[in-house]
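Here are the chains, one letter per residue:
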Amino acid sequence: MNKTLTTITALGISCLAAAPIIASTPTEDQAAWQAYFQERFPQVPKDDFVNGVYSIDPVGRENWEAIEEFPPYEAAISDGEEMWNTPFANGKTYADCFPDGPGVAGKYPHWDKERGMVVTLPLAINECREANAEKPLKYKKGPIADLLAYMTYESRGGVVNVEIPEDDPRALAAYEAGKQFYFARRGQLNFSCASCHVGNSGTTLRTEILSPALGHTTHFPVYRSKWGEMGTLHRRYSGCNKQVRAKPFPAQGEEYRNLEYFMTYMNNGLELNGPGARK
Amino acid sequence: MLLASPQLRGAAAVLSISLLGAPAVADMPNIDLNGNVDAGKEVALTRAKGNCIACHLIPGGDSPGAIGPALVAIQTRYSSKADLAQQIWDPTVKNPDVVMPPFGKHGVLNNQEFVDVVEYIWSL
C-alpha cells in the first residue's frame, strides 16, 4: 500500500474500541469528551468547535465566512423579534412567560425537578403559547425556528452551562438515557451518532466531512442551505436518524430531549453562537 | 488496530457503553457465490444500494469517502471469496466496533445484489 492509502486506512479505524463498561460520572464524561476532541484535532482552538465542520475544513470555512457576511438567518431573527413583540389574543406576550427577556437560551435545556423531566427552550415556548390559549407551533421548522433564532441571537455570547442536579437521581437517569442514545447503534445501516461524529469525525463520508460532536448544540437553530430554510436541533436529529434508515423519534419527545440534555452538557463552557448557517 | 494514543483509548473507554449486545442472529446463509461483476459494480457505486464508495476508495469510482480502507488487491487480503462475503454480510463479526453496515444481515442488499457485489469486490 502506498502512503496515502495507509493514511486513509489509519483514519478510518474507529476509535471506539470495545471497552468494558466503566461507570463514570457526568463530570468525568465531559472531561474525557472534551479532551478527546482536543487531542483528535490539536490544531483547533477549543473555542472554535462551536463552528462545527468549519472548525476542521478550511475550504468550506472560506465559503461559510463569505455567507456569514450576509447571514441567511437574518430574516428569521427579525420575524422572530416580531413574534416576540406581538401580543397573544389575550393581550399577554412571550415576555410574560420569559420575564428575563428573550436572551435566555443559555438556561436550556434544564432539569425541571417538579415535573421530573428535561425542559428545552422550544418546549417552554409552546407551553407558554398553550398557557395563553394559543396553538402550539410545529417543532422542526417554520415560526418556532424564527422565534428561536431571535431568542438565540439575543443569547449570543453566553456560555453553555447545563447542570445535572445531584439531589435528583432522575436527572442523572435522563442524562444517562441521552448518552445511551448517542452511543447506541440503530437503523438498517447500524450506525450510532458516535460512529459518525466521534469515532469518524474529521473523515469523509463520500464527500461530506463529518463534524466533531463537540460544539454541536451551540448554534441552533440553523439556516441550512440544503433545506433552504431554518431548522431546529431536533430536525437535525431526525435527519441524522433517517439517513441510517432508522425511524426518527418525535421532535421534543423524551428521547430527543434527553439526547439534547446529554449533548449540551458535553458542551459546557463553550460559547452560545446561534443562530448558525450550514451547508 | 491503529488507535491514535492510549489517552484516546481511555477516553473511548470512558464513553463507551454497553449496547445491549445484539447477537448476530442472521448468520450468512449458504448461497452460491457466483454473482455478476458488472452488476456488482453498480451496487457498489450506487447510493441507494451498497454505496461502498461513500466510505471506500474503489478504483474507477468518483469522490470516495475515507472511512474504510481502499478496496484494492482484495485477493491478497482474503484467502477465499467466502471470507470476503462474510465481511460484507456482517463486518461486526470480525470487529464489533466497525461502522460498516451489515449489508446481508440487515437486508440492506438482497441476495442477488449481495453475491454480485461480492463478485465485483473479489475482482478488484
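Let us look at the structure shown here. (Residues numbered from 1 in each chain as written. Chains lettered and ligands numbered in written order. Predicted model: local features only at pLDDT ≥ 70, side-chain atom pairs only at ≥ 80, totals over all residues. Heavy atoms only, no water.)

1. A short note on unusual backbone geometry
Residue and element names in this part refer to chain A.
Line of reasoning, step 1. Look at the link from Tyr 108 to Pro 109: it is a cis peptide, with omega at -10°.
Line of reasoning, step 2. With respect to the element layout, Pro 109 can be found in the loop between helix H5 (94-97) and strand E1 (110-112).
Line of reasoning, step 3. The residue after Gly 274, namely Pro 275, is reached through a cis peptide bond having omega -10°.
Line of reasoning, step 4. One non-glycine residue, Ala 133, lies in the positive phi region at around 60°.
Line of reasoning, step 5. As for its placement among the helices and strands, Ala 133 is situated in the loop between helix H6 (121-131) and helix H7 (143-154). (Helix = DSSP H or I, 4+ residues; strand = E, 2+ residues; numbered from the N terminus.)

2. Digging into the side chain of Arg 186 of chain A
Residues and elements named next belong to chain A.
Line of reasoning, step 1. Within the secondary structure, Arg 186 is located in the loop between helix H8 (169-183) and helix H9 (193-199).
Line of reasoning, step 2. The charged side chain of Arg 186 is buried without a salt bridge, its nearest counter-charge being Glu 255 at 8.1 Å.
Line of reasoning, step 3. Reaching out from Arg 186, the side chain makes a polar contact with the backbone oxygen of Phe 181 at a distance of 3.4 Å.
Line of reasoning, step 4. Sequence-distant contacts of Arg 186, defined by excluding residues within four places in its chain, comprise Phe 181, Phe 191, Asn 241, Val 244, Ala 246 and Phe 249. (Buried < 20%, exposed > 50% of the residue type's maximum accessible area, 1.4 Å probe, protein only. Lys, Arg positive; Asp, Glu negative; His and termini not counted. Salt bridge = Lys/Arg side-chain N within 4 Å of Asp/Glu carboxyl O. Polar contact = N/O pair within 3.5 Å; in protein donor to acceptor, adjacent residues only side chain to side chain. Contact = heavy atoms within 4.5 Å.)

3. Quick look at the packing of helix H2 (residues 26-40) of chain A against helix H11 (residues 254-266) of chain A
All names here are of chain A.
Line of reasoning, step 1. As a packed pair, H2 and H11 sit with axes 9 Å apart at the nearest point and diverge in direction by 60°. By the criterion of interaxial angle, the relationship of H2 to H11 is oblique. Each of Pro 26, Thr 27, Asp 29, Gln 30, Trp 33 and Gln 34 in H2 lies in contact with H11, whose residues at this interface are Phe 262, Tyr 265 and Met 266.
Line of reasoning, step 2. Partitioning the contact of H2 with H11 into residue classes produces five nonpolar, three polar and one charged. (Axes fitted to C-alpha atoms, helices over the stretch in contact; angles between N-to-C directions. Parallel < 35°, antiparallel > 145°, perpendicular 65-115°, else oblique. Nonpolar A, V, L, I, M, F, W, Y, C, P; charged D, E, K, R; others polar.)

4. Looking at H6 of chain A
All names here are of chain A.
Line of reasoning, step 1. For H6, the buried fraction is high: eight of the eleven residues fall into the buried class.
Line of reasoning, step 2. Packing partners of the buried residues in H6 comprise H5, strand E2 (117-119), H7 and H11.
Line of reasoning, step 3. One or two residues past the end of H6 sits Ala 133, with phi positive at roughly 60°.

5. Side note on the sheet that holds strand E6 (residues 229-231) of chain A
Residue and element names in this part refer to chain A.
Line of reasoning, step 1. A sheet is described by the order of its strands in space; here three strands give the open sequence E6-E5-E7, paired in mixed fashion. Across the chains shown, the open sheet's two edge strands, defined by having one partner strand only, are E6 and strand E7 (276-278). Pairs of neighbouring strands in the sheet enclose a mean axial angle of 35°, with direction left out of account.
Line of reasoning, step 2. Judged from the three bridges that link them, strand E5 (residues 222-224) and E6 form a sheet pairing that is antiparallel. In the sheet register, Val 222 faces E6, and the bridge partner there is Gly 231. (Pairing = 2+ DSSP bridges.)

Nothing here speaks to function; it is geometry throughout.
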